[in-house]
Amino acid sequence: MSRLLTFVLPFLGVVLLHAVPVVSLTLSATAQAQPSFAQLPVIPSGPPQDRFLPNGISGDGRVVVGGYFDGTYVMGAIWSAPTGTQLLSPLVSPADAASFDGSVVVGGFGVWTSSSLTSLPILPGPYHYAVGVSVTADGSMVVGNSVHSSPSIYYAPFRWTASGGLQALWISPPGGLHEGRITVDASADGGVVVGRYHTYDLFAGGVIYGNGWRWTQATGMVPLSMPTGYTRTAAHAVSKDGLTTVGFAYSAAARVSRPFRWIPEPQPIPPLGGIQHETAQEVSGDGKIVLGFGLLPALPTAIAWMWTPAGGTRQLKQALFDRGVVVPSGWSLVYPRGISDDGTVMVGTGYNPAGHYVGWMAMLDAPCYPDCNGDSLLTVADFGCFQNAYVTHV
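Residues numbered from 1 in each chain as written. Predicted model: local features only at pLDDT ≥ 70, side-chain atom pairs only at ≥ 80, totals over all residues. Heavy atoms only, no water.

1. Overview of the pairing of strand β20 (residues 245-251)
Counted residue by residue, β20 has seven buried out of seven residues, so it is predominantly covered. Where strand β19 (residues 232-238) and β20 come together, six bridges link them in antiparallel fashion. Residue pairing for β20: T233 is matched across the bridge by A249. With antiparallel pairing between neighbouring strands as the criterion, β19 and β20 make up a hairpin whose turn holds six residues, including G242 at a positive phi of roughly 80 degrees. As judged from the seven bridges shared by β20 and strand β21 (residues 256-262), these two strands associate in the antiparallel manner. When the sheet's bridge partners are listed, V246 is paired in β21 with R261. Between the end of β20 and the start of β21, which pair antiparallel, lie four residues, with R255 showing a positive phi angle near 55 degrees. (Buried < 20%, exposed > 50% of the residue type's maximum accessible area, 1.4 Å probe, protein only. Helix = DSSP H or I, 4+ residues; strand = E, 2+ residues; numbered from the N terminus. Pairing = 2+ DSSP bridges.)

The structure is reproduced here in structure tokens:
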């Protein structure tokens, strides 16, 4: 989402698409970068307890968005290697998502660029404010929720562009039913939006979760298919082409949550095992890398994992090690919060060796496979895929 855990509030990720024209080529810095792991840096003049907690990453993997926490207050912030940590306006706090190149950032109640700051409009009706949760690859469209906040909380998802205005994807019914639809993510062009149904009634004891959904202009809001033996679903993220939705399904009988992909039918992701609740949280641009976590009964509260078709489900620390990234001893990787389109840059939160809850970034190696686009064919399209992944134009 701000993107908190879906077990508490909507939690969002952005996966976007970028095309590079065929021109004279040189090796990019990304292609030459060595695998690495590091704690996300903070402002040098900040207080000792400050930290940068990521909520997502731009599609090109170069700009991290999130919140700068000084011990008492969270301010929207971005980080990149050239500029370091940069605080944004309170209007965009915390920052939740970015366009492909990181030049447009959404979160809180607004949209930020280096030269402008825009408040998000609110849907007509019984809504009090609007929150942005996702943005298209080119930064032209924001997806978010209008929120009714009292006495009960419920949401209505929307798409918004500066030129076309607001488009409601769903409106709360009359009669005080306190029913809502929360959106959590959108595809690169905004043509696919995913989220979950829910109700929230203060007098009934809080949130009553419904099921995940997927929206397109042609189909409207369609519930995710329910896996056999489960009673509830939730969507957390969608791939840049809109074909793969990830989240979890919950079994009331077994009292467990398990990670799933919907493509569009539900495909179970093998769990780590021995954990009651696991969920898929982030997905790469092509849907072939999924990040998630399993909740633990005590600190460090959760354990992050990675799934790929070839490697299956592994603890994230082991999966990173298998790709050449050594996570220093004493780190606990807890919640994955973002992944670049090509799957080579990941951000998240966890506990460092000093026991502080902080943000981290991992940069993987980027192996070159002949079937670069994974379509089981060797064609000129693989050259285009290679070009996008390993080279830049000059």
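2. Side note on the nonpolar core
In terms of nonpolar packing, the biggest core is built from 23 residues, with V111, V142, V193 and M221 touching the most fellow members. When residues of this core are traced back to their parent elements, those giving at least two are β11 (129-135), β12 (141-148), β13 (154-161), β16 (193-201) and β17 (206-216). Grouped together as the second largest cluster of nonpolar side chains are 18 residues, F37, W331, V358 and W360 included. (Core = buried A, V, L, I, M, F, W, Y, C linked by side-chain atoms within 4.5 Å.)

3. Brief notes about the packing of aromatic side chains
Under the definition given, this model contains seven aromatic pairs. Ring geometry for F37 versus W331: centroids 5.0 Å apart, planes at 85 degrees, classification edge-to-face. A residue pair is termed long-range when its members are at least 10 positions apart, and F37 in strand β2 (residues 36-39) and W331 in the loop between α2 (316-322) and β27 (332-339) qualify at 294 residues. Both residues of the pair, F37 and W331, belong to the buried class. Note on F293 and Y335: the rings are 5.0 Å apart at their centroids and 85 degrees apart in plane angle, and the pair reads as edge-to-face. Of this pair, F293 sits in strand β24 (residues 290-295) while Y335 sits in strand β27, placing them 42 residues apart in sequence. The pair F293 / Y335 is uniform in exposure class, with both members buried. In textbook terms, an aromatic cluster arises when at least three aromatic residues are bridged by ring pairs, as seen for F37, W331 and W360. (Phe/Tyr/Trp six-rings, centres within 6.5 Å; stacked < 30°, edge-to-face > 60°.)

4. Some details on the pattern of salt bridges
In the structure shown here, the tally under the stated rule is one salt bridge. Residues R314 and D322 are paired through a salt bridge, measuring 2.8 Å at the closest nitrogen-oxygen approach. (Salt bridge = Lys/Arg side-chain N within 4 Å of Asp/Glu carboxyl O.)

5. Focus: unusual backbone geometry
The peptide bond linking S93 to P94 adopts the cis configuration, its omega dihedral lying at -10 degrees. Look at the link from I263 to P264: it is a cis peptide, with omega at -5 degrees. Note on placement: P264 falls in the loop between β21 and β22 (266-268).

6. A closer look at a nonpolar patch on the surface
On the surface, F109, I122 and Y129 cluster together into a nonpolar patch covering about 250 Å² of accessible area. Examined against the element boundaries, Y129 turns out to sit in strand β11. (Patch = residues over 30% accessible without salt bridge, like charges linked within 9 Å, V, L, I, M, F, W, Y side chains within 5 Å. Areas by Shrake-Rupley, 256 points an atom, 1.4 Å probe, with all protein chains shown as cover.)

7. Considerations on the side chain of D50
Here D50 shows up in the loop between β2 and β3 (51-57). Look at D50: it is buried, it has no salt bridge, and the nearest opposite charge is R51 at 6.9 Å. A distance of 2.7 Å separates a polar atom in the side chain of D50 from a polar atom in the side chain of Y68. When neighbours within four sequence positions are excluded, D50 is seen to be in contact with V42, I43, Y68, F69 and D70. (Lys, Arg positive; Asp, Glu negative; His and termini not counted. Polar contact = N/O pair within 3.5 Å; in protein donor to acceptor, adjacent residues only side chain to side chain. Contact = heavy atoms within 4.5 Å.)

8. A short note on the sheet that holds strand β8 (residues 105-107)
Backbone-to-backbone hydrogen bonds join strands into a sheet, with any given pair of strands oriented parallel or antiparallel. Overall, antiparallel pairing links the four strands, which are arranged β7-β8-β9-β10 in an open sheet. Of all strands in the sheet, those with a lone pairing partner are β7 (95-98) and β10 (116-119), marking the two edges. On average, adjacent strands in this sheet sit at an angle of 25 degrees to one another, irrespective of strand direction. As paired strands, strand β9 (residues 110-113) and β10 are joined by four bridges and run antiparallel to one another. The residue bridging V111 from the neighbouring strand is T118, located in β10. (Axes fitted to C-alpha atoms, helices over the stretch in contact; angles between N-to-C directions.)

9. Focus: the environment of V65
Secondary-structure assignment places V65 in strand β4 (residues 64-69). Sequence separation of V65 and G76 is eleven residues, and the distance between their C-alpha atoms is 7.8 Å. In this view, V65 contacts F52, P54, N55, G56, I57, A77, I78, A95, D96, A97, A98 and V105; residues no more than four positions away in its chain are not counted.

10. So, the sheet that holds β11
The strand order β11-β12-β13-β14 describes an open sheet built from four strands, whose pairing is antiparallel. In the strand order of this sheet, the two ends are held by β11 and β14 (165-168), each with one partner. Taking the axes of each pair of neighbouring strands and ignoring which way they run, one obtains an average angle of 35 degrees across the sheet. Of the pairings in the sheet, the one linking β12 to β13 comprises eight bridges and is antiparallel in character. Each bridged residue has a counterpart across the sheet, and for N145 the counterpart in β13 is P157.

11. Quick word on the confidence of the model for the protein chain
On average, the protein chain scores 83 in pLDDT, and the residues at 70 or more come to 80%. Ignoring residues within four places in sequence, the model shows residues 1-32, a span with pLDDT below 50, making 132 contacts including any to other chains. Within the model, the stretch residues 389-394 combines pLDDT values under 50 with 23 contacts to residues more than four positions away or in other chains. (pLDDT = per-residue confidence, 0-100.)

12. Looking at the environment of G274
If you trace the backbone, G274 turns up in the loop between β22 and β23 (277-283). The sequence separation of G274 and G294 amounts to 20 residues, and the corresponding C-alpha distance is 9.4 Å.

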